[in-house]
Amino acid sequence: MLDTYLSFLELGYYEVQFALEGLADEKVWQRPADGLLSIGELAGHIAYWEAVKLTGMYQQDEEPDLSLCKVSSPLIDRRFAYYPITLQNPPSEEQKAMTAAQVYAELMRVHTESVAYLKSQNPDLETPPPGWSPGWTYKEILKYATFHISYHTGQMYSARHLLGEQTPDN
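I will try to describe carefully the structure that is included in this document. (Residues numbered from 1 in each chain as written. Predicted model: local features only at pLDDT ≥ 70, side-chain atom pairs only at ≥ 80, totals over all residues. Heavy atoms only, no water.)

1. Structural notes on the overall build of the chain
Of regular secondary structure, the chain possesses six helices and zero strands. Taken over the C-alpha trace, the chain has a radius of gyration of 16 Å; the compact-globule value for 170 residues is 15 Å, and the two agree within 12%. Summarising its shape, the C-alpha atoms of the chain cover approximately 45 × 30 × 25 Å along the three principal directions. For the chain, buried positions account for 46% of its 170 residues. In the chain, of all internal contacts separated by at least 6 residues, the share reaching a separation of at least 24 is 68%. By element, 53% of the accessible surface of the chain is carried by carbon and sulfur atoms, the whole surface being about 8,600 Å². Averaging the positions of the 12 positive and the 23 negative side-chain charges in the chain gives two centres separated by 1 Å. (Helix = DSSP H or I, 4+ residues; strand = E, 2+ residues; numbered from the N terminus. Rg over C-alpha atoms; globule rule 2.2 N^0.38 Å. Buried < 20%, exposed > 50% of the residue type's maximum accessible area, 1.4 Å probe, protein only. Contact = heavy atoms within 4.5 Å. Areas by Shrake-Rupley, 256 points an atom, 1.4 Å probe, with all protein chains shown as cover. Lys, Arg positive; Asp, Glu negative; His and termini not counted. Charge placed at Lys NZ, Arg CZ, Asp CG, Glu CD.)

Shown next as structure tokens:
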């Protein structure tokens, strides 16, 4: 059953490739307007939460200790955790140096490694992971992760349109 839920998650990653494909490198970290996140910041947000949630780093009401995260990446950065934090903390110079292709490759690497870690744990989908509030099970986390990537991929397309970029037919 785990593979079934992960196959749904893969659909989101299939679409995110098109959100980044052909994107001008100088627009990756450009915010399309005040109060909106850049495509790179959205990719960072997706990577951060997938790594934190699928590798067991999430603890309700606590900051994850990223030094213990099973996946390491410039995209796994607290500045990408939540919208207001990201708005107040622009990307680092290392992050801003990443091209569209590098952001996509890094996002996919984080995804692949996070999923591999989850699979290695062979969780019972009906049980709650340690540190999660009641009602959350591994199955619910995977269902939400599928929505999460889809939602933010849509934002990437919108940001591209606002930046004057031509996008694939979406």
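2. Focus on empty space enclosed by the protein
Considering all chains together, one arrives at one cavity of 30 Å³ or more under this definition. When its volume is computed, the largest cavity comes out at roughly 120 Å³. Taken together, 14 residues line the largest cavity, and the ones lying closest to its centre are Trp49, Glu50, Lys53, Ala145 and His148. Classifying every residue of the lining of the largest cavity by side-chain character gives eleven nonpolar, one polar and two charged. (1 Å grid on protein atoms, 1.4 Å probe; cavity = no way out; pocket = protein on both sides within 12 Å on 5 of 7 lines; lining within 4 Å. Points joined across faces, edges and corners; volume = space filled by probe spheres on them. Nonpolar A, V, L, I, M, F, W, Y, C, P; charged D, E, K, R; others polar.)

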